[in-house]
Structures are given as structure tokens and as C-alpha cells.
Amino acid sequence: MEGSLDDEIIIKLYKAKGLRVPDVFIDDESQEVMDDVLERGKQRTGFFSKMAMAFGIGAGIHQGIKDASNVRERKFRVGDHVRMKYRGQEGTVVDISGDLYMVSLKDGGYVDSYTESQLEKAW
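What counts as what
- Residues numbered from 1 in each chain as written.
- Predicted model: local features only at pLDDT ≥ 70, side-chain atom pairs only at ≥ 80, totals over all residues.
- Heavy atoms only, no water.
- Helix = DSSP H or I, 4+ residues; strand = E, 2+ residues; numbered from the N terminus.
- Buried < 20%, exposed > 50% of the residue type's maximum accessible area, 1.4 Å probe, protein only.
- Contact = heavy atoms within 4.5 Å.
- Areas by Shrake-Rupley, 256 points an atom, 1.4 Å probe, with all protein chains shown as cover.
- Salt bridge = Lys/Arg side-chain N within 4 Å of Asp/Glu carboxyl O.
- Pairing = 2+ DSSP bridges.
- Axes fitted to C-alpha atoms, helices over the stretch in contact; angles between N-to-C directions.
- Polar contact = N/O pair within 3.5 Å; in protein donor to acceptor, adjacent residues only side chain to side chain.
- Core = buried A, V, L, I, M, F, W, Y, C linked by side-chain atoms within 4.5 Å.

### Concerning the overall build of the protein chain
In terms of helices and strands, the protein chain carries 3 helices and 5 strands. Secondary structure of the protein chain in N-to-C order comes out as α-α-α-β-β-β-β-β. Per-residue burial over the protein chain gives 15% buried out of 123 residues. Counting contacts in the protein chain only where the partners sit at least 6 residues apart, residues at least 24 apart contribute 32% of the total. When the accessible surface of the protein chain is totalled, it reaches about 9800 Å², and 55% of it is carbon and sulfur.

And the structure:
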């Protein structure tokens, strides 16, 4: 890539990927700028900056766990009284299996599975 792309583009690619830029691509002026940035990064921060950093890290960890577990919040829970949108019949959620809600209809003699989009809160 060295001969076909401009050095600035190569440096941007290294930075975008989070890799250390090789010394070959760093000139004296760039080195001064990077040293200045590193020096500012070493300066002491105040209490509120540290608190903001802690909350930011905590929020990132929480989001990462949520994404990794891939658990989405459900609209209904077992025991909720629901109405089938297209039939108007009411029933009670008795089980949840994947994306399907098993609903026992009012008379109790019939159980069927529905998706979340097919149900609404009855009361």
C-alpha cells in the first residue's frame, strides 16, 4: 500500500483500525502533535470527570451485556390478560416459548400460540 496510497490515508487507516502507526509514516510535526495529545491525556482530571467516566464505562458494560445476552424486553408476561387483535377473544398468557405466547382462552378449554403483534392488553 505504501507506494499506491498517500501517507495521510495510510495513517488514517491505521488509526481507524486502532493500530499503532509505524514510525515510517510519522514525521517530526506529526510527532509533536501526538506528543501534545499524549501530554494532555496525562493531566489530572477532576472529580466530576472521573464520575462521568465511571458512569460512561458502566453504561457501556451494561449495553455490552444486554447485546451479548440478546434478551429483549417482552410486552407481556405469564398471567397477563390479553385480547387477540383479529378475533377480539380474550385470554390469559400461560407460557412464553421463544417469540410465541401461549394463551388460554376465556373458557379455559382452548390454548393457542400467538406472536406479540397479534396480542394487546385486555385490562
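### As for the pattern of salt bridges
Tallied over the entire structure, the rule returns 3 salt bridges. Ionic pairing is found between Glu90 and Arg83, a salt bridge with its closest N-O pair at 3.2 Å. Overall, Glu90 belongs to the partly exposed group, its relative accessible area being 25%. One salt bridge connects Arg83 with Glu120, and the closest N-O pair in it is separated by 3.3 Å.

### Points about the side chain of Ser104
Relative to the helices and strands, Ser104 is located in strand 3 (residues 100–105). The exposure class of Ser104 is buried, given its relative accessible area of 15%. Dropping the residues within four chain positions of it, Ser104 is found in contact with Gly91, Thr92, Val94, Tyr110 and Val111.

### With respect to the sheet that holds strand 5 (residues 119–121)
Taken together, the 5 strands give an open sheet; going across it, the order is 4-3-2-1-5, and neighbouring strands pair in antiparallel fashion. Where the open sheet ends on each side, the last strands, each with one partner, are strand 4 (111–115) and strand 5. Neighbouring strand axes in the sheet, compared pairwise and without regard to direction, differ in orientation by 50° on average. Pairing of strand 2 (residues 90–97) with strand 3, which is carried by 6 bridges, proceeds in the antiparallel orientation. When the bridges of strand 3 are listed, Asp95 appears paired with Met102.

### Some details on the side chain of Asp80
Take Asp80: it is sitting in the loop between helix 3 (47–69) and strand 1 (81–84). Separated by 3.1 Å, the side chains of Asp80 and Lys121 make a polar contact. Filtering out sequence-adjacent residues up to four positions away, Asp80 remains in contact with Lys75, Gly91, Thr92, Val93 and Lys121.

### Description of the nonpolar core
The biggest cluster of nonpolar side chains holds 9 residues, and these are Phe76, Val82, Met84, Val93, Tyr101, Val103, Leu105, Tyr114 and Leu119. Among the elements that line this core, the one with the most residues is strand 3, at 3 residues.

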